[in-house]
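# Secondary and tertiary structure notes
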Amino acid sequence: VQLQASGGGLVQAGGSLRLSCAASGRTVSIDRMGWFRQAPGKERDFVSSISRFRSITYYGDSVQGRFTISRDNAKNTVFLEMNSLKPEDTAVYYCAADTPPYSGYYSQSVGYDYWGQGTLVTVSS
């Protein structure tokens, strides 16, 4: 499985961005897909995840109500719509995929088997 993240950029506080993550390879095995982020000098944090079937979603506390995750299974792509962006949202955003055996650890890095290269989001004040 290969993951290609895109959509990052520079935006002013209060603005919006939409990230995409396209999966290729053995995509039929992918269940949950997630987004994590890592700011300079900080640990990688959970942002959001979505299951393949029934599209069950989870969000980190800091993005709840501002970010929306969705996926297009036919196109093997997951999206992260980010609204009301804040300077503290500045980070490299990584997408990730969970394949068998499915871990169930949707908010932890160890719960995912494949990672994209990351896309930088910078929010200016």
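Here, the structure is the one placed above.
Residues numbered from 1 in each chain as written. Predicted model: local features only at pLDDT ≥ 70, side-chain atom pairs only at ≥ 80, totals over all residues. Heavy atoms only, no water.

## Comments concerning the environment of Arg71
How we decide: Every helix listed is a DSSP run of H or I at least four residues long, and every strand listed is a run of E at least two residues long, numbered separately from the N terminus. Each residue is placed in one exposure class: buried if its accessible area under a 1.4 Å probe, protein chains only, is under 20% of its type's maximum, exposed if it is over 50%, and partly exposed if it falls in between. Polar contact is the term for a pair of N or O atoms within 3.5 Å; when the atoms are in protein, one must be able to donate a hydrogen and the other to accept it, and sequence-neighboring residues count only if both atoms are side-chain atoms.
With respect to the secondary-structure elements, Arg71 resides in strand E7 (residues 67–72). Exposure remark for Arg71: the relative accessible area of 15% places this residue in the buried category. Here the side chain of Arg71 touches Ile50 through a polar contact of 3.1 Å, landing on its backbone oxygen. A polar contact of 3.4 Å, which involves the side chain of Arg71, links it to the backbone oxygen of Ser51.

## Comments concerning the environment of Val121
So the rule is basically this: Contacts were defined at the residue level, with two residues in contact if any of their heavy atoms lie within 4.5 Å.
In this structure, Val121 sits in strand E11 (residues 119–124). A sequence separation of 112 residues divides Val121 from Gly9, and the C-alpha atoms of the two residues are 5.0 Å apart. When sequence neighbours within four positions are dropped, the list of residues in contact with Val121 reads Gly8, Gly9, Leu17, Leu19, Met82, Asp89, Thr90, Ala91 and Tyr93.

## So, the side chain of Arg52
Selection rule: Counted charges follow a simple rule, with Lys and Arg positive, Asp and Glu negative, and His plus the chain ends left uncounted. The term salt bridge refers to a side-chain nitrogen of Lys or Arg lying within 4 Å of a carboxyl oxygen of Asp or Glu.
Structurally, the position occupied by Arg52 is in the loop between strand E5 (44–50) and strand E6 (57–59). This buried residue, Arg52, is left without a salt bridge; Asp31 holds the nearest opposite charge, at 6.6 Å. A distance of 3.2 Å separates a polar atom in the side chain of Arg52 from the backbone oxygen of Thr27. Among all residues touching Arg52, those that are not within four sequence positions of it are Thr27, Val28, Ile30, Asp31, Arg71 and Asn73.

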